[in-house]
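Residues per chain are reported as follows:
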Amino acid sequence: MANTGFLVLTNPARVTKLLPVIKKHVLKTLYIQYFPERNIFISDTNLLSSSSLKWKGPRYAQTVANIYEFASTISSRLDVRVLLSCLKNPNVSIIHTKRPVELVIFDQEHNKKDADLFIQDYLSNTSMGCNFIIIDENHQDTSSSASLSGNNDHNPEMENGVEKFYKNVILGGTFDRLHNGHKILLSEAILYCSENLTVGVTDENMLKSKILWELIESCEQRVNVLKDFLVDVDPGLNYNVVPISDIYGPTKDDPNLNLLVVSEETVRGGAKVNELRLDRGLPKLDVHVVKLMPDKQHNENEEPKISSSNQRIRLLGTRIRQPNLNGKTLRPYIIGLTGGIASGKSSIAEKLEKLGAGHVNCDKIAHDLYEPGKECYNLVVKNFGPSILNTKQLIDRKTLGNIVFNNKEQLNKLNNLVWPAILKEAKSQINNLHEKGVDVIVLEAAVLIQANWQNYCHEIWTCIIPEQEAVKRVMERNSLSEEEAKQRITVQPSNVQQINAANVVVSTLWSHEVTQKQVQKAWNELMIYLKEIPDR
């Protein structure tokens, strides 16, 4: 199987039949070069340089969008990239791709000589020596819907009967985990642009209202991925990809901009941009609206459109990074389960127990060690005084909590007293379970990251919920005020810190059934992983 493929497409109506076959031959990246308004004759050396073909582009926006939309229903693995240079300017004589092409796919019958000639004349030198295949008529859908036909399926803005291009085009967005919806938005901006394209990328300060925002890639990473895609599909433009800290970005002060590209859901933002520009004496921008792409595979807690939010939700229960085993003994295999207060760790642990895992609950261990006569009881009373005891001479955990959660120094003192004893007992329980034949054991510990116990585990699963949901749950569960609940939350590692240490992330924000699917997904992946580990 080739890592990178190149589809020579002469009829977009065939895409519905071509892509399911192509994904069996191409593993990672598929470039698609659509040659509109003509059949491709490989032996014609003037194929891409015919002077009768005028510079164009916007008319093909809908065809490009339809290709991406169909690709989303076929494979989430394949990175499809529709090349745009030749659609805008048929005088382009060499097709450049950032990734060397290993396999060329033709949708028409050609002999080896013609195929080799195409590869030699029109693909860049990095792709020389690649193989080719022809997908024959049996895979063509000659009766396909006209929705993928691209010759006259789009009505671009016209100026004196000619398609209108803009010298300076701008658009903005989060662009987390670049998906086909993003590619449509970016492609339409490119197709309307003749020289300079500016892309504003929202920085971390603008993200906290988004679902699972803690899983959003860093701004630097998103900027780099965008640059890679833009230069790949059309290297002929000047690109300025910049972080932005408000909805306006460069539109608020750049007088040279001509066109603002927005999606259907950000049309109001486009109107605000023009209001601000007019207030500042800047020329109003033309606004081009791009349709949202439906997500036909979304479930009840996801958006009906292709979105980064859906992608982040689908990351839950998957391995976001591989475990670093560092030569550790693999029996028993220990999952460190952590997360913030009221995040639902115990419910995750219970589900894992039902799947066959052993369970060691460090919170319960701590509770037991606070009992009279235990080592921790004596240490805590000695260091915090008899005022933390109730009338039955038991440690009042709420009274103790009020002391330590209002004073970081006192909290550190308590942790230093009890953490070693908790870990000692946890190790003892793990050994007991392993002696009984349990090979996978969950070590549930809210303090796992702070106590640095992750080094004792093979991998870390963390449970997250939004802060406002955590506050609500803590208030209800612990009968605390909102301020007291927030204090409890602020002294623990943030969701971002928890995720940075995690191999798997789960969330109990939604229904029991949704959580169960996440846990089952993670467990299945773990079982496959353990079977693949040598000497397991």
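The text that follows walks through the structure, step by step, so that each part is easy to find. (Residues numbered from 1 in each chain as written. Predicted model: local features only at pLDDT ≥ 70, side-chain atom pairs only at ≥ 80, totals over all residues. Heavy atoms only, no water.)

**Let's talk about the pairing of strand β2 (residues 26–34)**
Argument step 1. With respect to burial, β2 is a largely interior element, 7 of its 9 residues being buried.
Argument step 2. Bridge analysis of strand β1 (residues 2–9) against β2 gives 7 bridges, and the strand direction is parallel. The partner of L9 across the bridge, within β2, is Y34.
Argument step 3. Looking at chain direction, β2 and strand β3 (residues 79–82) are connected through 4 bridges and run parallel. By the bridge assignment, I32 is partnered in β3 with V82. (Buried < 20%, exposed > 50% of the residue type's maximum accessible area, 1.4 Å probe, protein only. Helix = DSSP H or I, 4+ residues; strand = E, 2+ residues; numbered from the N terminus. Pairing = 2+ DSSP bridges.)

**Here we look at the nonpolar core**
A general trend in soluble globular proteins is that nonpolar side chains are found buried together.
Argument step 1. Ranked by size, the top nonpolar core spans 57 residues in total, and within it I22, I32, L171, F175, L186, L197 and V199 carry the most contacts.
Argument step 2. If we skip the residues at most four places from it in the chain, L186 touches L171, F175, L178, V199, L226, F229 and L230.
Argument step 3. Membership of the second largest hydrophobic core comes to 38 residues, among which are I395, I441, C457 and I460. (Core = buried A, V, L, I, M, F, W, Y, C linked by side-chain atoms within 4.5 Å. Contact = heavy atoms within 4.5 Å.)

**Quick notes on the layout of surface pockets**
Argument step 1. By volume, the largest pocket is sized at about 1,400 Å³.
Argument step 2. In terms of lining, the largest pocket is formed by 41 residues, of which the most central are I341, D363, F405, A446 and V447.
Argument step 3. Ranked by residue count, the leading element in the lining of the largest pocket is helix α13 (residues 408–435), at 9 residues.
Argument step 4. Taken as a whole, the second largest pocket spans an internal volume of roughly 1,100 Å³.
Argument step 5. In this structure, the second largest pocket is lined by 46 residues; those nearest its centre are G172, G173, T174, E265 and T266. (1 Å grid on protein atoms, 1.4 Å probe; cavity = no way out; pocket = protein on both sides within 12 Å on 5 of 7 lines; lining within 4 Å. Points joined across faces, edges and corners; volume = space filled by probe spheres on them.)

**Description of the packing of aromatic side chains**
Think of a pair of aromatic rings as described by two things: how far the centres are apart, and how the planes are tilted against each other in angle.
Argument step 1. For the structure on display, the rule yields 7 aromatic pairs.
Argument step 2. Considering the side-chain rings of F6 and F118, the 6.3 Å spacing of their centres and the 50° angle between planes classify their relative orientation as tilted. Linking F6 in strand β1 with F118 in helix α4 (residues 112–122), this pair joins segments that are 112 residues apart in sequence. With respect to burial, F6 and F118 carry one shared label: buried.
Argument step 3. Ring centres of Y166 and Y192 lie 6.5 Å apart, and the angle between their planes is 50°; this geometry places the pair in the tilted category. Placement of Y166 in strand β8 (residues 166–173) and of Y192 in helix α5 (residues 180–192) is noted, with a sequence separation of 26 residues between them.
Argument step 4. With a relative accessible area of 2%, Y192 lands in the buried category. (Phe/Tyr/Trp six-rings, centres within 6.5 Å; stacked < 30°, edge-to-face > 60°.)

**Here's the deal with the packing of helix α10 (residues 362–369) against α13**
The description of two helices packed together rests on the angle between their axes and the distance between the axes.
Argument step 1. One way to put it is that α10 packs onto α13 with a least axis distance of 9 Å and a crossing angle of 120°. Pair α10 / α13 crosses with right-handed handedness. Residues C362, I365, A366 and L369 of α10 touch α13, and the partners they reach there are A421, I422, E425, A426 and Q429.
Argument step 2. Per-class residue counts for the contact of α10 with α13 are 7 nonpolar, 1 polar and 1 charged. (Axes fitted to C-alpha atoms, helices over the stretch in contact; angles between N-to-C directions. Left-handed = near helix turned anticlockwise from the far one by under 90°. Nonpolar A, V, L, I, M, F, W, Y, C, P; charged D, E, K, R; others polar.)

**Here's the deal with the pairing of β1**
Argument step 1. Where burial is concerned, most of β1 is hidden: 7 out of the 8 residues are buried.
Argument step 2. The parallel pair β1 and β2 is bridged by helix α1 (residues 15–22), and the resulting crossover is right-handed.
Argument step 3. Examined bridge by bridge, β1 and strand β4 (residues 103–106) share 4 bridges and lie parallel to one another. What sits directly across from F6, in β4, is V104. (Right-handed = clockwise from strand over helix to strand, strands pointing away.)

**Focus on a nonpolar patch on the surface**
Argument step 1. Together, V267, V287 and V289 give the surface a local cluster of nonpolar side chains, amounting to about 180 Å² of exposed area.
Argument step 2. With respect to the secondary-structure elements, V267 resides in helix α7 (residues 267–279). (Patch = residues over 30% accessible without salt bridge, like charges linked within 9 Å, V, L, I, M, F, W, Y side chains within 5 Å. Areas by Shrake-Rupley, 256 points an atom, 1.4 Å probe, with all protein chains shown as cover. Salt bridge = Lys/Arg side-chain N within 4 Å of Asp/Glu carboxyl O.)

**Digging into the pattern of salt bridges**
Argument step 1. This structure, assessed with the given rule, holds 23 salt bridges.
Argument step 2. In this structure, D228 engages R81 in a salt bridge whose closest nitrogen and oxygen atoms are separated by 2.9 Å. Of this pair, D228 sits in helix α6 (residues 219–233) while R81 sits in strand β3; the two residues are 147 residues apart in sequence, bridging distant segments of the chain.
Argument step 3. Residue classification places D228 among the buried residues on the basis of a relative accessible area of 18%.
Argument step 4. Linking E459 and R319 is a salt bridge whose minimum nitrogen-to-oxygen distance equals 2.6 Å. Remark: R319 occurs in the loop between α8 (308–315) and β13 (333–339) and E459 occurs in strand β16 (residues 459–464); sequence separation between them is 140 residues. In terms of burial, E459 and R319 fall into one category: buried.
Argument step 5. Residues joined in a network through salt bridges with shared partners are D79, R81, K98, R99, K183, D228 and D232.

**Describing empty space enclosed by the protein**
Over the atoms, a rolled probe matching the size of one water molecule traces out where space is still vacant.
Argument step 1. Considering all chains together, one arrives at 2 cavities of 30 Å³ or more under this definition.
Argument step 2. Taken as a whole, the second largest cavity holds about 50 Å³ of empty space.
Argument step 3. L19, K23, A71, I74, S75, L78 and V80 together form the lining of the second largest cavity.
Argument step 4. Residues of the lining of the second largest cavity, tallied by class, amount to 5 nonpolar, 1 polar and 1 charged.

**Some thoughts on the environment of G401**
Argument step 1. For G401, the location among the structural elements is in helix α12 (residues 397–404).
Argument step 2. Distance from G401 to R488, taken between C-alpha atoms, is 8.7 Å for residues 87 residues apart in sequence.

**Here's the deal with the state of the cysteines**
Argument step 1. With the rule as written, the count across this model stands at 0 disulfides.
Argument step 2. Distance from the sulfur of C457, which forms no disulfide, to the nearest cysteine sulfur (C362) is 8.7 Å. (Disulfide = S-S within 2.5 Å.)

**Overview of the sheet that holds β2**
Argument step 1. Strand order in the open sheet formed by 5 strands is β3-β2-β1-β4-β5, with parallel pairing between adjacent strands. If you trace the sheet from one side to the other, it starts and ends with β3 and β5 (131–134), each paired once. Each strand axis lies, on average, 20° off the axis of its neighbour in the sheet, ignoring direction.
Argument step 2. Of the strands in this sheet, β1, β2 and β3 touch helix α2 (residues 61–74), which is tilted by about 170° from β3.

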